[in-house]
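One-letter residues, chain by chain:
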Amino acid sequence: MVITTVPGTTRGAGRPASPYPAGPQRTSLGRKVRDNLTGHAFLIGAVLCFAVFSWYPMIRGIVMSFQRTRRGETTWVGWDNYLRLIDDPSFWTAWKNTLYFTVLALVLGYAVPFFVAILLNEFRHAKGYLRILVYLPVMLPPASALFLFKFYAYDPSEAGLFNAILAALHLPTSQWMQSPEMTMPAMVLASTWMNMGGAVLIYLAALQNIPGELYEAAELDGAGIWRRIVHVTIPQTRLILALLAMLQIVATMQLFIEPLILANGAGAEDSATSVAYLIYQHGFFQNDLNGAAALGVIMLVVLAGFSAAYLRLSAKQD
């Protein structure tokens, strides 16, 4: 007796065979499991790093701001640390100086990189060399750059670079960091020189994505360079300008290393005391970790409120 099989059936089973082989299916499933395990492993590592080095210190700082530690004993004091800070005159001086620095940085440190990027974008030769030249200060350690300004550029005698330039132009010289009126402008100038390289490169990338036809149409309409900047360049780079404005404000509100090095901390008549430096003073000089934590929470709330307002306005504009 000869037993024959019909294609598409299994011997003795009487039902169609599976069209997908079992071996490759198991291999594909195993690959997906391994890929998911690898991705989750990297994700868990990142979450742990954020939890240990960012989220836990933040939560711990918020808890400490409502406590007071004396001789190793910690007690819950509620809002006392915040009320004590508000009653301190240096608290308001620090906020006034920080806001003053932020406004000056927006006027100078925010506008200068944009116009430098527009200028570099017009060059047809040596673009790479000019970009390296502009970005070079960013590669210097901030402390080294600030010491260079302190002992070479801001020397109050005529041996200082800026005073020598002013004397050559028959203009009055300045005491720079020794003058309460010039402390903040001098720090803004140094900070702008150190940090504008990154912003210039970002602006250059945005400018090169603007279609050339828009500039050609503006030129045919008789628009000069200023009208082309106002009506073509700024609208086409609006999102980048808004984003860098927010980042600039958040960064300048955390002013610390400039007063620490250039003005030895507080500066003449407390003209350089910032909120971040006041946190440093409370924590390391006055041994008031709870007050430093409360001041840090206040800064966190201010910056978070500003960021939330920016995101809300950006969502409405979009």
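Quick caveat: nothing in here was measured; it's all calculated off a predicted structure.

K.L.:
Give a description of the overall build of the chain that names residues and reports values.
P.N.:
Helices and strands together make up the secondary structure of the chain, namely 14 helices and two strands. A total of 318 residues make up the chain; the buried ones form 33% of that total. When the accessible area of the chain is evaluated, it comes to approximately 20,300 Å², of which 66% is carbon and sulfur surface.

K.L.:
Mind laying out the nonpolar core, listing which residues take part and the relevant values?
P.N.:
Of all hydrophobic cores here, the largest spans 21 residues; its most connected members are Phe-149, Tyr-154, Met-177, Met-187 and Leu-262. Elements supplying a minimum of two residues to this core: helix H6 (142-153), helix H7 (161-168), helix H8 (183-207) and helix H12 (257-262). The element that contributes the greatest number of residues to this core is H8, accounting for six residues. Leu-262 has contacts with Leu-146, Phe-149, Lys-150, Tyr-154, Met-177, Met-187 and Ala-190, leaving out every residue within four places of it along the chain. Formed by 20 residues, the second largest nonpolar core is a distinct cluster that contains Phe-114, Met-196, Val-232 and Leu-241.

K.L.:
Account for the confidence of the model for the chain, with residues named and values stated.
P.N.:
On average, residues of the chain score 84 in pLDDT, and 90% of them are at 70 or above. Predicted confidence is poor over residues 1-13, with pLDDT under 50, and the contacts of this stretch with residues over four places away or in other chains come to seven contacts.

K.L.:
Before we move on, could you go through unusual backbone geometry and cite the residues and values that matter?
P.N.:
One non-glycine residue, His-170, lies in positive phi territory at about 60 degrees. In this structure, His-170 sits in the loop between H7 and H8. Of note, the phi angle at Glu-269 is positive, near 55 degrees, even though the residue is not glycine. With respect to the helices, strands and loops of the structure, Glu-269 is situated in the loop between H12 and helix H13 (275-285). When its relative accessible area of 72% is taken as the criterion, Glu-269 is described as exposed.

K.L.:
Give a description of the pairing of strand E1 (residues 67-70) that names residues and reports values.
P.N.:
Note that E1 and strand E2 (residues 73-76) share four bridges and pair antiparallel. Within the sheet, the bridge partner assigned to Thr-69 lies in E2 and is Thr-74. Count of turn residues in the E1/E2 antiparallel hairpin: two residues, of which Arg-71 carries a positive phi of about 55 degrees.

K.L.:
Residues and numbers for the packing of aromatic side chains, please.
P.N.:
The tally for this structure, following the rule as stated, stands at 21 aromatic pairs. Linked through ring pairs, Phe-149, Tyr-154, Phe-162, Trp-176 and Trp-193 together constitute an aromatic cluster.

K.L.:
Describe in detail the packing of helix H9 (residues 212-220) against helix H10 (residues 225-236), supporting the description with residues and values.
P.N.:
Two elements in contact, H9 and H10, have axes whose closest approach is 10 Å; the angle formed by their N-to-C orientations is 160 degrees. Comparing their axes, H10 and H9 come out roughly antiparallel. Note on packing geometry: the crossing formed by H9 with H10 is right-handed. Along the contact surface, H9 presents Leu-214, Tyr-215, Ala-218 and Glu-219, while H10 presents Arg-228, Val-232, Thr-233 and Gln-236. Split by residue class, the contact of H9 with H10 holds four nonpolar, two polar and two charged.

Analysis parameters
- Residues numbered from 1 in each chain as written.
- Predicted model: local features only at pLDDT ≥ 70, side-chain atom pairs only at ≥ 80, totals over all residues.
- Heavy atoms only, no water.
- Helix = DSSP H or I, 4+ residues; strand = E, 2+ residues; numbered from the N terminus.
- Buried < 20%, exposed > 50% of the residue type's maximum accessible area, 1.4 Å probe, protein only.
- Areas by Shrake-Rupley, 256 points an atom, 1.4 Å probe, with all protein chains shown as cover.
- Core = buried A, V, L, I, M, F, W, Y, C linked by side-chain atoms within 4.5 Å.
- Contact = heavy atoms within 4.5 Å.
- pLDDT = per-residue confidence, 0-100.
- Pairing = 2+ DSSP bridges.
- Phe/Tyr/Trp six-rings, centres within 6.5 Å; stacked < 30°, edge-to-face > 60°.
- Axes fitted to C-alpha atoms, helices over the stretch in contact; angles between N-to-C directions.
- Parallel < 35°, antiparallel > 145°, perpendicular 65-115°, else oblique.
- Left-handed = near helix turned anticlockwise from the far one by under 90°.
- Nonpolar A, V, L, I, M, F, W, Y, C, P; charged D, E, K, R; others polar.

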